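So the chains spell out like this:
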Amino acid sequence: MAKKREIKEYSTDPAAQQMLIRAESLGIGTAFSRADDMAPCNIGDKGMCCKNCGMGPCRLTKNGDVGICGATLDTIQARNLTRAIAAGAAAHSDHGRGMAMTLKAAANGKAEGYYIRDVAKLRTIAALYDIPIEGRSPEEIANELADLYLAQFGQQEGRVILTKRAPAKRQKRWEETGVIPRGVDREIVECLHRTHIGDDQDATHILQHAVRTSIGDGWGGSLLATDISDILFGTPAPILGQANLGVLKEDYVNVVVHGHEPTLSEMIVAASQMPDIIEYAKAAGAKGVSLSGICCTANEILMRQGVPAAGNFLQQELAILTGAVEAMVVDVQCIMQALVGLAANFHTKIITTSPKVKLKGATHIEFEEEHALTIAKNILKAAIDNYKNRGKIEIPDVREDLIPGFSHEYINYMLGGSYRASFRPLNDAIMSGRIRGVAAIVGCNNPRGQHDYLHTHVARELLKKDVLIVETGCGAIAAAKQ
Ligand code: SF4
Ligand code: SF4
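Residues numbered from 1 in each chain as written. Chains lettered and ligands numbered in written order. Predicted model: local features only at pLDDT ≥ 70, side-chain atom pairs only at ≥ 80, totals over all residues. Heavy atoms only, no water.

Draft legend 1. Molecular detail of the site of ligand 1. The full set of residues close to ligand 1 is C41, G44, C49, K51 and R59. Considering only residue class, the shell around ligand 1 consists of 2 nonpolar, 1 polar and 2 charged. (Near = heavy atom within 4 Å. Nonpolar A, V, L, I, M, F, W, Y, C, P; charged D, E, K, R; others polar.)

Draft legend 2. How the structure looks around the site of ligand 2. Looking at ligand 2, the residues that line it are C50, N52, C53, M55, G56, C58, G67, I68, C69, I76, R79 and I197. Tallied by class, the residues present in the shell around ligand 2 amount to 8 nonpolar, 3 polar and 1 charged.

Draft legend 3. The pairing of strand 11 (residues 437-441), seen in detail. Of the two faces of strand 11, the one holding G437, A439 and I441 is buried and the one holding V438 and A440 is not buried anywhere. Two elements, strand 11 and strand 12 (residues 467-471), share 5 bridges in a ladder whose sense is parallel. When the bridges of strand 12 are listed, A440 appears paired with V470. (Buried < 20%, exposed > 50% of the residue type's maximum accessible area, 1.4 Å probe, protein only. Helix = DSSP H or I, 4+ residues; strand = E, 2+ residues; numbered from the N terminus. Pairing = 2+ DSSP bridges.)

Draft legend 4. Fine view of the nonpolar core. By size, the foremost hydrophobic cluster in this structure holds 64 residues, and its most contacted members are L145, Y149 and I268. For this core, the element with the highest residue contribution is helix 15 (residues 372-385), accounting for 9 residues. In this structure, this core is formed jointly by two domains, domain 2 (73-233) and domain 3 (241-400), each of which donates at least three residues. Counting residues in each nonpolar core, the second largest holds 39 residues, with A23, L314, V357 and V398 among its members. (Core = buried A, V, L, I, M, F, W, Y, C linked by side-chain atoms within 4.5 Å. Domains from an automatic or database assignment.)

Draft legend 5. Region of interest: the packing of aromatic side chains. For the structure on display, the rule yields 6 aromatic pairs. Geometrically, the ring pair formed by W174 and W219 is edge-to-face, given 5.7 Å between the ring centres and 70 degrees between the ring planes. Pair noted here: W174 is in helix 7 (residues 168-177) and W219 is in helix 9 (residues 203-233), with a separation of 45 residues, a long-range link. Residue class for W174 comes out buried when judged on its relative accessible area of 8%. Ring centres of Y410 and Y413 lie 5.5 Å apart, and the angle between their planes is 65 degrees; this geometry places the pair in the edge-to-face category. Taken together, the residues Y410 and Y413, both in helix 16 (residues 408-416) and 3 residues apart, mark about one turn of the helix. Assessed through its relative accessible area of 40%, Y413 is described here as partly exposed. Over the ring of Y252 we find K249; its NZ or CZ atom is 4.8 Å from the centre of that ring. Seen from the ring of Y280, K381 lies directly overhead, with NZ or CZ sitting 5.5 Å from the centre. (Phe/Tyr/Trp six-rings, centres within 6.5 Å; stacked < 30°, edge-to-face > 60°. Lys NZ or Arg CZ within 6 Å of the ring centre and 35° of its normal.)

This is the structure in structure tokens:
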């Protein structure tokens, strides 16, 4: 068993600390206490075990050890990392595939409540690929763009077309090192093939393919997901928002959307503002419906609609611990199985919505684009019906104001204006040394470390050294709460 930590060692966030004290007083476990209870395996922790075939698991403890098949430590570590990259690329890029299918459905009038909000971005993106735009309707252009993007997944030869948008110098380096992805799915499949027993057993060669797969995701599946989210829901621009558990409201029906996809959450935002839903909530004794988000779904609706973020990955359990959440609506990725057991201590309904993700014991209301608005309303009604079951609540009085929405399109406009949109002032500042560069801070938090500390510490140190930062995911929400 690892050492039991003090509450302050769990998190730097006072709202999280308050909820962790509540969890302890109620005798309820969280990811933090489970991390204390279960020390990580010191072999698996360093990627030194292999279970890629039935002769294993092979546990290597030092350099020079080999598995039953003779695989060396560097081969096993490279294979483990590559399999992790394949799984991550599959998850992120599959989200992109879903977005492309939604765009196609919206272009063909088969997605209830969706329409093309950012026609200018659609035309700009389409023109990058020589898709004709003059004299065509947004729907015609969107249909062709959706087909082009969907083709990037199953493509076998050539290159993922979006990689042509990278800086020329970067593309040249990718070409020289042989890491240009051919097709998003192809590279993920090849990761699994190469790392299977008896295949690629040269660590450098394995990792070269891991890089190719990562580029297929970052400059393929994930980039096209961003393009389509902007086209369907609007390119972000600065907007006032709030973050932390204090955004939950005592006298409203609280619905927390959690996961990664904007498709359903955007529709829930729209439905929550409709008069029939507000009336339904009032009839149930609440003032209305208050939406907030957890994880990247939170970021999606925060930067576009100003919907507050209740917290990041490690706050999904803490939001339920307030006792004030009528429903947590989840889609894909970062959803802890522990939510269902935790919610059983309160009245919170856990509602799964993706055909890919079910949790045993949760309510499943499957999301279909054809009936998106109707389904969003049904989910909200289920949450409102649950309001009467609320027990004792404790919402931390902790929230911060923030301004999200600095898309690269907005920064371009901000630095140059409507007529001379440009990154030039930023480039000049970097060239003159006043700003020393731009760093991206990305990624989740981990209960084995102190929640939020690493993200905010790195951000502060970089800012002190005149490095500009851009953030996504849990890091962005950690910064927002400071
Ligand atoms: S499979 Fe790996 S991580 Fe799991 S217990 Fe065995 S050695 Fe540890
Ligand atoms: S692939 Fe080799 S190292 Fe891995 S489990 Fe099988 S025998 Fe062991």
